[in-house]
Amino acid sequence: MDGLLIIAVVLLVVVGVYLLLDRLLRNDERRRAGEVRRQAVKEVVPVRLRAYERLALFLERTKPDTLLPEVVQPGMTCLQLHAKLLETIRREYGHNVSQQLYVGDEVWQAVVAAKESLMRLVNMCAASCSPADGAEVLAGRIIQAYAEASDPPTEVAFGAAESGGGQDVFKRKEARG
């Protein structure tokens with residue numbers, strides 16, 4: 001009988017130690033998983049914010065009222081301006097294409113749509129000019145067409161980025177002054 005009692009006590013102690021160790025190990029595993037998540041967020045969030053910042057800069061730099069003063073040069077023709085605008089838009093886009101890894105699909109698609117829409121606008125306005133006209137003719141038509149657009153492509157992309165997680169980075173023009 002004493003032997004059974006000793007075995008029962010030993011079994012109770014072993015089960016108790018097992019349960020205690022199991023609980024400690026699970027708690028330690030949860031703590032480590034939480035640490036890993038916090039570290040991942042700590043590393044990923046700044047990268048995502050930089051991606052949104054770069055896309056905001058891309059959208060701002062390709063808006064006609066920002067882009068045209070940078071590209072138009074004295075003595076330039078419509079044909080030269082047309083080529084230079086398309087080249088500049090493609091180059092700016094090329095510098096930012098890797099940002100699609102860090103933003104949502106909806107945001108990236110809005111940025112691509114803004115680029116393509118702007119290129120169509122430039123092509124459409126260029127088609128309505130004589131190639132030998134001065135660059136100011138094309139520039140004026142682009143600015144006018146962009147201003148008359150019901151949903152300018154850049155503003156649509158800004159809106160998608162704001163709703164897609166870049167609220168802190170993408171500040172609408174009204175907020176900028």
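Residues numbered from 1 in each chain as written. Predicted model: local features only at pLDDT ≥ 70, side-chain atom pairs only at ≥ 80, totals over all residues. Heavy atoms only, no water.

Trainee: Hey, could you run me through the pattern of salt bridges in this one?
Mentor: When the charged atoms of two side chains lie near each other, side chains of opposite charge can form a pair. Within this structure, the stated rule accounts for eight salt bridges. Among the ionic pairs, Lys63 bridges to Glu155, the shortest N-O distance being 3.6 Å. Here Lys63, found in the loop between α1 (2-61) and α2 (64-71), pairs with Glu155, found in helix α6 (residues 153-163); they are 92 residues apart in sequence, far enough to count as distant. Each member of the pair Lys63 and Glu155 is classed as buried. Arg91 is the partner of Glu87 in a salt bridge, and the nearest nitrogen-oxygen pair spans 3.5 Å. In this pair, Glu87 and Arg91 both sit in helix α3 (residues 78-96), four residues apart, roughly one turn of the helix. Classification of Arg91 as partly exposed rests on a relative accessible area of 36%. The network of salt bridges with common partners includes Asp28, Arg31, Arg32 and Glu35. (Salt bridge = Lys/Arg side-chain N within 4 Å of Asp/Glu carboxyl O. Helix = DSSP H or I, 4+ residues; strand = E, 2+ residues; numbered from the N terminus. Buried < 20%, exposed > 50% of the residue type's maximum accessible area, 1.4 Å probe, protein only.)

Trainee: Help me understand the packing of aromatic side chains in this model?
Mentor: Each aromatic ring pair is characterised by the separation of its centres together with the angle its planes make. Per the counting criterion, the structure on display carries two aromatic pairs. Between Lys115 and the ring centre of Tyr93, over which it is positioned, the NZ or CZ distance is 4.4 Å. (Phe/Tyr/Trp six-rings, centres within 6.5 Å; stacked < 30°, edge-to-face > 60°. Lys NZ or Arg CZ within 6 Å of the ring centre and 35° of its normal.)

Trainee: What is the right way to look at the nonpolar core in this model?
Mentor: The nonpolar side chains of a soluble globular protein tend to be buried, and buried together. Within the largest apolar cluster, 22 residues are counted, with the highest numbers of intra-cluster contacts made by Leu81, Leu85, Leu121, Leu138 and Ile142. Every element with two or more residues in this core is listed here: α2, α3, α4 (105-127) and α5 (135-148). (Core = buried A, V, L, I, M, F, W, Y, C linked by side-chain atoms within 4.5 Å.)

Trainee: Any chance you could explain the environment of Tyr52 here in plain terms?
Mentor: Note on placement: Tyr52 falls in helix α1. Spatially, the C-alpha atoms of Tyr52 and Val107 are 9.3 Å apart, while their sequence positions differ by 55 residues.

Trainee: Help me understand α2, please; the structure alone is not making it clear to me.
Mentor: Side chains that are three or four residues apart share a direction in an α-helix, a result of its 3.6 residues per turn. Among the residues making up α2, those that are buried are Pro64, Leu67, Leu68 and Val71. The buried residues of α2 all sit within an arc of 95 degrees when viewed along its axis, so they share a single face. Exposed positions of α2 whose direction lies more than 90 degrees from the buried face are Pro69 and Glu70. Turning to α2, the residues buried within the fold contact α1, α3, α4 and α5. (Arc of directions from axis to C-beta. Contact = heavy atoms within 4.5 Å.)

The values reported here are purely geometric and, on their own, carry no functional implication.
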